[in-house]
Amino acid sequence: MLDLIDKQKLPKHVAIIMDGNGRWAKERGKDRLFGHQHGVISVREVVEGCVEIGVQYLTLYAFSTENWNRPQSEVNGLMELLVTTIRKEADSLNKNGVRLHVIGDFSTLPESCIVELNEAMELTAANTALNLILALSYSSKWEITEATRKIAAKVANHELTVDDIDEETFKNHLATKDFPDPELMIRTSGEHRISNFLLFQLAYAELYFTHTHWPDFRKENLYESLLNYQNRERRFGKISEQL
Ligand code: FPP
């Protein structure tokens, strides 16, 4: 499958909604955290796959604002898994040229998580092979509201005028201001929803849905989605003959 992918026509940025950990675990008679733990193996696989093939940005939806409403035991387990995974994987990310970024509402994250993330972001800050962006305590409505507040504050302080506000200004106030928009968004586990993920940034993204549960997602599944992406015609509002 890898041979079929045109390396010149890769998406620069792939975003993934990693769904189905709970169902995967339930099918095996295990609790939901078992699914999340296995999901970490898939995270490693797609990170490696992106580095090997040359995708430059990978955003993973690891924890949404709405996920705080899950049972406390699952929330705690997920936070702990994140902290231990970052701690365990930071050196390997660094060796492989991966730079870690986080988007989301830091103010809601436990201190231990913030410390671990800051250390890993600092450690990997000079890397350029792959930008790995974790969306953590993230929701698009939160991000868009925050951007609006920041812009409004600048207008109130006379740093910006209303006429200055265009798409570029807005983009530059989003948590993703340093990254290009994703060209491909993958959601695993059969749901056809965007679930408050990168609503502004996905405006022209190709959406790819697969029934595979996240803990079963491997490099081959990533390659399959890239191949599918390359076989689509991206028209951006134009007609075929104009492309
Ligand atoms: C969705 O499955 C998955 C999550 C909410 C968490 C994803 C987190 C991980 C895979 C661990 C991430 C670790 C790092 C380091 C990024 P679900 O629980 O909604 O599954 P369900 O829809 O079957 O219930």
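Structure first, text after, so check above.
Undergrad: Describe the packing of aromatic side chains, and please don't skip the residues or the numbers.
TA: One pass over the structure, following the stated rule, counts 10 aromatic pairs. Between the aromatic rings of tryptophan 24 and phenylalanine 34, the centroid separation amounts to 5.7 Å while the plane-to-plane angle is 20 degrees, which identifies the pairing as stacked. Placement of tryptophan 24 in helix α1 (residues 21-27) and of phenylalanine 34 in helix α2 (residues 32-53) is noted, with a sequence separation of 10 residues between them. Taking 6.3 Å as the distance between ring centres and 75 degrees as the angle between the ring planes, the aromatic pair formed by tyrosine 138 and tryptophan 142 counts as edge-to-face. Among the residues examined, tyrosine 138 registers a relative accessible area of 0% and is labelled buried. What makes tryptophan 142 partly exposed here is its relative accessible area of 21%. Ring-pair connections join several aromatic residues into one group, and the members of that group are Tyr61, Tyr138, Trp142 and Phe197. Above the plane of the ring of phenylalanine 34 lies lysine 30, whose end atom (NZ or CZ) is 5.1 Å from the centre.

Undergrad: So what's going on with the nonpolar core? Which residues, and what values?
TA: One finds Ile16, Leu58, Leu117 and Leu132 to be the most contacted residues of the largest nonpolar core, which totals 44 residues. The dominant element in this core, judged by the number of residues it contributes, is helix α3 (residues 72-95), at eight residues. In contact with isoleucine 16, not counting residues within four places along its chain, are Val46, Leu58, Thr59, Leu60, Tyr61, Ile186, Phe197 and Trp214. Residues Ala15, Ile103, Ile133 and Phe179 belong to the second largest nonpolar core, which totals 14 residues.

Undergrad: An account of unusual backbone geometry is needed here, citing residue identities and associated values.
TA: If you check the backbone angles, histidine 158 has positive phi at about 60 degrees while not being a glycine. Topologically, histidine 158 is positioned in the loop between α5 (140-156) and α6 (167-171). For leucine 198, which is not glycine, the phi torsion reads 45 degrees and is therefore positive. With respect to the helices and strands, the residue leucine 198 is situated in the loop between β5 (184-187) and β6 (206-209).

Cut-offs applied
Residues numbered from 1 in each chain as written. Predicted model: local features only at pLDDT ≥ 70, side-chain atom pairs only at ≥ 80, totals over all residues. Heavy atoms only, no water. Phe/Tyr/Trp six-rings, centres within 6.5 Å; stacked < 30°, edge-to-face > 60°. Helix = DSSP H or I, 4+ residues; strand = E, 2+ residues; numbered from the N terminus. Buried < 20%, exposed > 50% of the residue type's maximum accessible area, 1.4 Å probe, protein only. Lys NZ or Arg CZ within 6 Å of the ring centre and 35° of its normal. Core = buried A, V, L, I, M, F, W, Y, C linked by side-chain atoms within 4.5 Å. Contact = heavy atoms within 4.5 Å.

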